[in-house]
Number of protein chains: 2
Amino acid sequence: MPTIRDVARAAGVSPATVSRALNGSGYVSPETRQRVLDAAARLGFTPSYIARSLVRKATRTLGLLVPDITNPYFPAIARGVEDAAARAGYSVVLCNTDGDPDHEEDYIQFLRERQVDGLVLIASSPRAGELVARGDAPPVVFVDRVPPGARADVVVVDNRRGMLEATRHLLALGHRRIGFVAGRVGSGTAEERLAGYLAALGEAGIAPDSHYIAPGDFTFQGGYQAARGLLSLPDRPTAVVAANDLMAVGVCRAALEAGLRIPQDLAVVGYDDIPMAELIHPPLTTVAQPTYQMGELAARLLMERLEGRAGPEPRRVVLEARLVVRESCGAALAAGGRGG
Amino acid sequence: MPTIRDVARAAGVSPATVSRALNGSGYVSPETRQRVLDAAARLGFTPSYIARSLVRKATRTLGLLVPDITNPYFPAIARGVEDAAARAGYSVVLCNTDGDPDHEEDYIQFLRERQVDGLVLIASSPRAGELVARGDAPPVVFVDRVPPGARADVVVVDNRRGMLEATRHLLALGHRRIGFVAGRVGSGTAEERLAGYLAALGEAGIAPDSHYIAPGDFTFQGGYQAARGLLSLPDRPTAVVAANDLMAVGVCRAALEAGLRIPQDLAVVGYDDIPMAELIHPPLTTVAQPTYQMGELAARLLMERLEGRAGPEPRRVVLEARLVVRESCGAALAAGGRGG
DNA sequence: TTGAAAGCGATACCAC
DNA sequence: GTGGTATCGCTTTCAA
C-alpha cells in the first residue's frame, strides 16, 4: 500500500502538497496538481480513511440498528438509509438488535467505540431514550418508533391516521361489523393503530365491541389464531382489519380454512404493504408505509446534523401512510348485507 | 472524549501502562491495573478504534456486498454474516450493488479506502473475479455466486442437486409432463437449476420438450407470463417447477386465473423457500437454501483467513439444498392421470 | 504556491 | 513491571 509520502516522493513534492492536490483544498498549481495526480494513479494510491478519520475526527460512517433485517418490514428502511448515505459518501454499519434492549445498548457502545458519526435507530427499548441523552453519545435519529422522552430527531409515520383510513374504507363499503386483530401490547405502534380503528368506528357512530377486538402479536400465527376466534363468533364480522400484513395473511388463511371466500364472504385489510401483500391471492388491500423514504429521510436528517446544517432543536417529521386498495375488500356490501 | 493520556494522568501512570492494563497485554501489577481501570471508568474512557486501527492496520470491519437487501433472498444471508461478525467483534458495512458491475466496483474501491479487512461478496459481475485477483484487494469470500476464475474462498449451494430433488419429487408423484420456468439467461444459478431439472427428466427416461421450458427472469411477473404460456399448451403440463419462489408464486396466480386448482389440477414447486413460501395458499413446496448458514459460514471463513487461521489455498464449501414438501404438489397422481 | 512540522490517539519496542 | 517514544498515514496551521 503506497502512502502519501510515496506519492510525494514520486511527484517530487511534499506530502502536504499531495494532500492538497488530492483533496482540492488550498492552493496548488495546475502543473503540480497534474504531476501529483499522475504519480498517485501510477502507484495505485488509495488514501487511508483511517488516518484521515483520526485527524478529522469523523469517520463518515453511520450505524444502523434494526431489530432484525430478516423481518420484511426493515430491508426497505435499510435500503433507504444506505442509498442516502452512499450518495453522500457515508458508509453504514448494520446491526441486528433482536429488539433486545441489552443488545441494543451493547451495539450502541460498540458503535461509539468505533467512532461512528451518528446512529439511525429503530428502537426497541424505552431505555434507548436515555442513551441519547448522555452527553457523549453520537447524534441519533429515531425511525418508526420513538422511545418516550427522546430529545432527538425522529421520522415516524402517522399510524393512527393510516388505520383510520383503512377502517373508513371498510365502513364506506358498507361494513358495520369490523373485527380488529391488534398488535403486541406495549407497542406504541400497535396502540396507535388500534386508536385509528376506534376513531373510525366512532365517526361512524358504531360502539366498539370488545369481542371484535382480538389480541395479536404481529405474526402470521397470531393473526391466524385471532381470526379463528373472530370467525367463530355468533355474529361474525363481515370484515377484519389486522394491525399488520403478516397477521392479515394469517386471517386470510383462517378464513379460507373456514370455507370463507375473500372478499365475498370476508373483507380483509392489512397494514405495512410488505412485498408479499400484492403477490398473495387475492392481492391484499393494505396501508403502505413509506419505508424506503423513512430510511432515506432519516439518513439525510442525520447527515445534516452531523455536518452542522441543522438547528439545535430536535426535528420531528411525520410521514403519511397511504391506503393501497387491491382486491381483498371487494366492492360495496349489498344493502342489508350478509350474515346475521 | 477522554484519551488514553487523560487516563494515564488520572491514574498516575504512563499511557503505555494504561494500554497494557486495558488490553491485558504485557505485565501490569494488579494494583496498577485496578487504578487504571478505576480511572478509565471514572472518566468514561472509550478507546478510539480509529487510532487503534491505524497502528494495528486492521479495522475489524467486514464489507458485505449484496445486490439488494430488499430482495427477500438476501436478508437471511446478511443476518448470518452480521451474527458471525458480531460474535467475533467485527462490524459489517452493508452495500447494495443492484447487481450493477459498476456499482460493485465502486463499492469495492470505497471499502478498500475505508480499510475494511475483508469482503463478503454476492457477486453480480463476472468482473468481480478480476478484482480479487489484484494484489491490493482485501480478502474476499464469494457467496451464492462465483464469478468465473475467482481464486478465493467460496460458499455455494448445489443448485443442480436441489432442482434434481425437486423434479424427482414430482416424478415420484407420477407426473410426466413437467413444465419448467427458467431463470434469467446468463445466470449461473439459473443454468445449474435447469441442469438439475433436465437430469431428473433424463433419469426417468423422459425426453425434454422445449415447449415445456419457458424463459423467466426470477420475478413474479416473469413467472406469471411464463405460466400463461405453459398452461395454454395443447398438452399442458400437470406440474411446473419454477427456478425460484417468486416465479412459482406467479405460476400459482396464473393457474388460479385459468381456473386451475393447486395441487389438484396443477402441482407447483418453487426454489429458495423465501418467507412467503409457507404463508401463501397452498403452502408452497420448494427447495430451501440454507441462506442464514451461508452468510454465517462465509463470515467465518473470511475471519479465519484474516486472522491467519486459513491455509493458502482457496476453500470451496458446497452446502446442500433441502426439499421442503408442503402442499402445492398434493398426493400422487391417479394412475392414468389427467389430461391428454 | 509550497514545505516543515505538529499533531490525531493508541500501540509496541526498548530501556531501565 | 513501568515509562519514554517512535510510529501508523494523513491533515493543517504557519512560515517561507
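Structure: above.
Draft legend 1. Layout of the interface of chain B and chain A. Listed by partner, the interface residues are 49 residues for chain B and 50 residues for chain A. Both sides together, the interface formed by chain B and chain A hides about 4,200 Å², and carbon and sulfur atoms give 59% of it. The largest share of the area that chain B buries against chain A comes from Ile-50, Arg-79 and Arg-114 of chain B, three residues that together contribute 17% of it. Linking chain B with chain A are four salt bridges. The shortest N-O distance in the salt bridge between Asp-68 of chain B and Arg-79 of chain A comes to 3.0 Å. The interface formed by chain B and chain A contains 34 residue pairs in polar contact (both at pLDDT 80 or more). Of all the elements in the fold, those that place two or more residues in the side of chain B that touches chain A are helix H4 (49-56), helix H5 (75-87), strand E2 (91-96), helix H6 (101-113) and helix H11 (245-257) of chain B. In terms of residue count, the dominant contributor to the side of chain B that touches chain A is E2 of chain B (six residues). Split by residue class, the side of chain B that touches chain A holds 26 nonpolar, twelve polar and eleven charged.

Draft legend 2. Layout of helix H6 (residues 101-113) of chain A. The end-to-end C-alpha distance of H6 of chain A, which contains 13 residues, comes to 18 Å, matching closely the 18 Å that a straight helix rising 1.5 Å per residue would cover. For H6 of chain A, the secondary structure elements touched by its buried residues are strand E1 (61-66), strand E2 (91-96), strand E3 (118-121) and helix H7 (128-133) of chain A together with H5 and E2 of chain B. Among the residues of H6 of chain A, the N-terminal cap falls to Asp-100 of chain A, whose side-chain oxygen and the backbone nitrogen of Asp-102 of chain A are separated by 2.6 Å. After H6 of chain A finishes, the residue Gln-115 of chain A shows a positive phi value of roughly 60°.

Draft legend 3. View of unusual backbone geometry. A cis geometry characterises the amide bond from His-281 of chain A onward to Pro-282 of chain A, with omega recorded as -10°. Within the element layout of this structure, Pro-282 of chain A appears in the loop between strand E9 (267-269) and strand E10 (286-288). The backbone of Asp-272 of chain A sits at a positive phi, close to 125°, despite the residue not being glycine. Relative to the helices and strands, Asp-272 of chain A is located in the loop between E9 and E10. A positive phi angle, close to 75°, is found at Asp-144 of chain B, a residue other than glycine. Relative to the assigned elements, Asp-144 of chain B resides in the loop between strand E4 (140-143) and strand E5 (153-157). By relative accessible area, which is 7% here, Asp-144 of chain B ends up buried.

Draft legend 4. The protein's contact with DNA strand D, seen in detail. The full set close to DNA strand D counts 26 residues, and Ile-4 of chain A together with Thr-17, Ser-29, Thr-32 and Lys-57 of chain B are the nearest of them. Within the contact set of DNA strand D, a phosphate oxygen lies 2.4 Å away from a backbone nitrogen or oxygen of Ile-4 of chain A. Between DNA strand D and Arg-20 of chain B there is a distance of 2.7 Å, counted from a base nitrogen to a side-chain nitrogen or oxygen. Contributing elements (two or more residues each) for the surface near DNA strand D: helix H2 (15-23) and helix H4 (49-56) of chain A together with helix H2 (15-23) and H4 of chain B. Here the surface near DNA strand D takes four residues from H4 of chain A, the largest share from any one element. A class-by-class count of the residues in the surface near DNA strand D yields 13 nonpolar, ten polar and three charged.

Draft legend 5. Looking closely at the sheet that holds strand E8 (residues 239-242) of chain A. Residue and element names in this part refer to chain A. Read from one edge to the other, the open sheet built from four strands follows the order E7-E6-E8-E9, with strand pairing classed as parallel. Either end of the sheet is taken by a strand with one partner, and the two such strands are strand E7 (213-214) and E9. Packing against the sheet, helix H11 (residues 245-257) makes contact with strand E6 (178-181), E8 and E9, and its axis sits at approximately 160° to E9.

Draft legend 6. Main features of the nonpolar core. Membership of the largest hydrophobic core comes to 164 residues, with the highest contact counts inside it found for Val-155 of chain A together with Val-155 of chain B. Apart from the residues lying within four places of it in its own chain, the contact partners of Val-155 of chain A are Val-141, Phe-142, Val-143, Asp-144, Met-294, Leu-297, Ala-298, Leu-301, Val-317 and Leu-319 of chain A. Among the nonpolar cores identified, the runner-up in size contains 38 residues, and Val-93 of chain A together with Cys-95, Leu-131 and Phe-142 of chain B belong to it.

Draft legend 7. Seen up close, the relation of the copies chain B and chain A. When chain B is fitted onto chain A, the two copies agree to an RMSD of 0.2 Å after a turn of 180° and an axial shift of 0.1 Å. Such a combination of turn and shift is consistent with a two-fold rotation axis. Nearest to the rotation axis, the C-alpha of Val-93 of chain B is located 2.1 Å from it, this being the minimum over chain B.

Draft legend 8. Helix H1 (residues 4-11) of chain A, seen in detail. All names here are of chain A. Considered for burial, the residues of H1 that qualify are Val-7, Ala-8 and Ala-11. For H1, the angular spread of the buried residues around the axis is 100°, confining them to a single face. Residues of H1 that are exposed and point more than 90 degrees away from the buried face comprise Arg-5 and Arg-9. Elements in contact with the buried residues of H1: H2 and helix H3 (30-43). Once H1 finishes, Gly-12 follows within two positions and takes phi at roughly 70°, a positive value.

Rules used throughout
Residues numbered from 1 in each chain as written. Chains lettered and ligands numbered in written order. Predicted model: local features only at pLDDT ≥ 70, side-chain atom pairs only at ≥ 80, totals over all residues. Heavy atoms only, no water. Contact = heavy atoms within 4.5 Å. Buried area = accessible area lost by both parts, 1.4 Å probe. Salt bridge = Lys/Arg side-chain N within 4 Å of Asp/Glu carboxyl O. Polar contact = N/O pair within 3.5 Å; in protein donor to acceptor, adjacent residues only side chain to side chain. Helix = DSSP H or I, 4+ residues; strand = E, 2+ residues; numbered from the N terminus. Nonpolar A, V, L, I, M, F, W, Y, C, P; charged D, E, K, R; others polar. Expected span 1.5 Å × (residues − 1). Buried < 20%, exposed > 50% of the residue type's maximum accessible area, 1.4 Å probe, protein only. Near = heavy atom within 4 Å. Pairing = 2+ DSSP bridges. Axes fitted to C-alpha atoms, helices over the stretch in contact; angles between N-to-C directions. Core = buried A, V, L, I, M, F, W, Y, C linked by side-chain atoms within 4.5 Å. Least-squares fit on C-alpha atoms with pLDDT ≥ 70 in both. Arc of directions from axis to C-beta.

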